[in-house]
Amino acid sequence: LHGEEEFFIRESLSLLKSVFLKGSDVSTSFTEFDGVSRATISESLELAEDEAVPKVDSPGQTISGSAVFDELRTTPLFGATGRRMVVVENADDFIGKYKNLLEKYLDAHAPYSCLVLICKKLDKRTTLAAKINRIGGEIECKRLREDYLPLWIQTRAKHYDKTIAPQAVQSLIECVGNKPALI
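Cut-offs used in this document
Residues numbered from 1 in each chain as written. Predicted model: local features only at pLDDT ≥ 70, side-chain atom pairs only at ≥ 80, totals over all residues. Heavy atoms only, no water. Axes fitted to C-alpha atoms, helices over the stretch in contact; angles between N-to-C directions. Helix = DSSP H or I, 4+ residues; strand = E, 2+ residues; numbered from the N terminus. Parallel < 35°, antiparallel > 145°, perpendicular 65-115°, else oblique. Left-handed = near helix turned anticlockwise from the far one by under 90°. Contact = heavy atoms within 4.5 Å. Nonpolar A, V, L, I, M, F, W, Y, C, P; charged D, E, K, R; others polar. Pairing = 2+ DSSP bridges.

## Quick look at the packing of helix α5 (residues 92–107) against helix α6 (residues 127–135)
Angle between the axes and distance between the axes are the two parameters that describe a pair of packed helices.
Part 1: α6 packs onto α5 with a crossing angle of 40° between their chain directions and a minimal axis gap of 10 Å. Relative to α6, the element α5 lies oblique. As α5 packs across α6, the resulting crossing turns out to be left-handed. Counting all contacts with α5, which are made through Ile-95, Lys-99, Leu-102, Glu-103, Leu-106 and Asp-107, the residues of α6 involved are Thr-127, Leu-128, Lys-131, Ile-132, Arg-134 and Ile-135.
Part 2: Among the residues making up the contact of α5 with α6, the classes are represented as 6 nonpolar, 1 polar and 5 charged.

Here it is in structure tokens:
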């Protein structure tokens, strides 16, 4: 998953989880890492004002290539019928650092695992991008074009068995702008 529209990234990830992990226990089949490079977890902890409990500055777990690849290769709880999904958020640096290992993994990937890399941009000219598209695929999550926004709003309303008048669509666009998460 890559692109600038966070709403579509979240929607796509939700759909991938529901399809790939259907019938699996998400608590044991889903692992999420944060690809933001940090030296140690202790450096990323800070005490909130008036609180004695430290807060982690970003979601997920700290990242290392071995942790991600170990998770991908770990046999699911229910053996052949189980599935495993591993997500790496903010994966731009992770992809840069582990590009060769990712390519090798994709050549002999575990059939029960699904790796989802969420990044801002994926260079489609690379061998890695070609292998991703051969095995699974990429989903580009672009911002909606302004001229497509009214149709998208109407389609979204239909998805929820609702209708929206053209004047209401224009008012919504004027108030919210091109922010699908708010619409």
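## Looking at the sheet that holds strand β5 (residues 84–89)
Part 1: Spatial strand order, β2-β5-β6: 3 strands in an open sheet with parallel pairing. Of all the strands in the sheet, just β2 (30–34) and β6 (113–117) have a single pairing partner and so form its edges. Strand after strand, the sheet turns through a mean of 15° between neighbouring axes, direction not considered.
Part 2: One ladder, built from 5 bridges, connects β5 with β6; its direction is parallel. Pairing of Val-86 across the sheet is with Leu-115, part of β6.
Part 3: Where α5 meets the sheet, it contacts β5 and β6, and its direction lies at approximately 155° from that of β6.

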